[in-house]
Amino acid sequence: MNVSRHMNSSRNSAVRIPSPVVRIPSPRAAQQGLSLVELMVAIALGLFLSWGAIQAFLSGKQTYSTQQALSRIQENARLVQEFLGFDIRSAGTYGCVSSEYVSSGPASNLVPDSDKEEFNFGNSVFATNKVSGDPSGDMDLLTPLDPAPVAGTDILVVHTGTNLGLEVAALPLPTTAQVRTNNLGLVATDILSISDCTKNIIFIPTSISVAGTVATINYAFPYAPVVGSSIMRLNTSIYYIGENAAGRPGLYRRTLEGTSEELLQGVEDMQLEFALDDAGNDGQVDEYKTADQVTAEQWEAWAAGGKFGAASQNVTAVRYSLLLSSDQELLEEPQEYTYNGNAVTATDRRMYQVVNGTTGIRSRMN
């Protein structure tokens, strides 16, 4: 009986099979990597996004650089008009007479080398047209230009006076040997003008002695200056296009101090025309001519007794045209523009802008 039970117990134990445990893998555990297709899609998307970001950066940089270059050119345009306009308006203004000399009184330029254009104050303005590139600027200069002017450009010479508020003092009375005035820093190397409303003397003092607030100007005057005559310091500005050490063109100015200074870089060319009053000598513009077409008499401010002469003071205004360029090559292709009446295609990818202006000579226009 016990044996039977044991056998039944063993039989029941043998037929019992434990149920298998089914494990459902999680999606994260099932993912072991990327397929080749998925990797290629990811790389393509990354490249596309990177390309878009780079293009946006380059486009923004190009726009910024272009705007900066345009702003620089426009600022140079304003400055060049300021420089030229100020000097041209003041040309030939040497005192009360203001280059409108009457026939009853002499106008004397007693400066040594007055035949050289730096000191030829008889010409309120003077110019040379399409120069050869020689340091002389194709004119009679005492000192050559350095750097030399760029061939094919024009040169403008402007003679001006600076009003210092000085007058010939009454005490002691002026003589043919000396005059007295307030001490405002005059030196013996200055070129001075003493003028009343009928005559003018331009000279370099023999010496100037200072005692407190009084300056005594010593010179062998051709006549005793009139009490109250204005005393002005004169200067000459020569504007031209030259190249700097880097080979870039710019607008240069040389004064009587003798050193040329680069006012603005990126000024490629300057062309000039001059307004002529040759119909009645009434101070009105009748036509424009280039510098090589203007006669010596038309340049001369003092010929035939001044404004009241029949053929004097014919140049009454200056019309200028300048070509400005950017410092860098920014454009995708060379720019086409019109300059001096001609259609031009640039030889590089710089940005170009033409600046035109006309300024009247204050002392010569009604």
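Residues numbered from 1 in each chain as written. Predicted model: local features only at pLDDT ≥ 70, side-chain atom pairs only at ≥ 80, totals over all residues. Heavy atoms only, no water.

1. Focus on the pairing of strand β5 (residues 192-195)
Side chains L192 and I194 of β5 all project onto a buried face; the interleaved residues S193 and S195 project onto the opposite face, where all are buried too. When β5 meets strand β6 (residues 200-203), the two strands line up antiparallel, connected through 4 bridges. Across the sheet, residue S195 finds its bridge partner in β6, namely N200. The hairpin turn running from β5 into β6, its antiparallel successor, is 4 residues long. (Buried < 20%, exposed > 50% of the residue type's maximum accessible area, 1.4 Å probe, protein only. Helix = DSSP H or I, 4+ residues; strand = E, 2+ residues; numbered from the N terminus. Pairing = 2+ DSSP bridges.)

2. Here's the deal with the confidence of the model for the chain
Confidence along the chain averages 84 in pLDDT terms, with 81% of residues attaining 70 or more. Mean pLDDT per element in the chain: helix α1 (residues 2-15) is the minimum at 50, and strand β10 (residues 249-254) is the maximum at 97. When the criterion is pLDDT under 50, residues 304-312 qualifies, and its contacts beyond four places in sequence or with other chains add up to 23 contacts. (pLDDT = per-residue confidence, 0-100. Contact = heavy atoms within 4.5 Å.)

3. Describing the sheet that holds strand β4 (residues 178-182)
One open sheet holds the 3 strands; their spatial order is β4-β8-β7, and the pairing between them is antiparallel. In this open sheet, the two strands that pair with only one neighbour each are β4 and β7 (207-211). Mean inter-strand twist for the sheet, computed between neighbouring axes without regard to direction, equals 25°. Two elements, β4 and strand β8 (residues 214-218), share 5 bridges in a ladder whose sense is antiparallel. Residue pairing across strands places Q178 opposite N218, the latter belonging to β8. (Axes fitted to C-alpha atoms, helices over the stretch in contact; angles between N-to-C directions.)

4. Looking at the packing of aromatic side chains
The description of an aromatic ring pair rests on the distance of the ring centres and on the angle between the ring planes. By the definition in use, this model includes 9 aromatic pairs. A centroid spacing of 6.0 Å and a plane angle of 90° characterise the contact between Y94 and F121, whose relative ring orientation is edge-to-face. In this pair, Y94 is assigned in the loop between α3 (36-90) and β1 (107-109) and F121 in the loop between β1 and β2 (125-128), connecting sequence segments 27 residues apart. Linked through ring pairs, F126, F274 and W299 together constitute an aromatic cluster. Over the ring of Y288 we find R319; its NZ or CZ atom is 3.7 Å from the centre of that ring. (Phe/Tyr/Trp six-rings, centres within 6.5 Å; stacked < 30°, edge-to-face > 60°. Lys NZ or Arg CZ within 6 Å of the ring centre and 35° of its normal.)

5. Points about the side chain of S260
Examined against the element boundaries, S260 turns out to sit in strand β11 (residues 260-265). A relative accessible area of 14% places S260 in the buried class. A distance of 3.1 Å separates polar atoms of two side chains, one belonging to S260 and the other to Y240. Residues within four places of S260 in sequence aside, it is in contact with D146, P147, Y240, Y252, R253 and R254. (Polar contact = N/O pair within 3.5 Å; in protein donor to acceptor, adjacent residues only side chain to side chain.)

6. Looking at the sheet that holds strand β17 (residues 350-360)
Spatially, 4 strands are ordered β13-β12-β14-β17 in an open sheet, and the strand pairing comes out antiparallel. The outermost strands of the open sheet, each flanked by one partner alone, are β13 (287-289) and β17. Direction aside, neighbouring strands of the sheet carry axes that sit 25° apart on average. Judged from the 10 bridges that link them, strand β14 (residues 315-329) and β17 form a sheet pairing that is antiparallel. Within β17, the residue paired with V318 across the bridge is T359.

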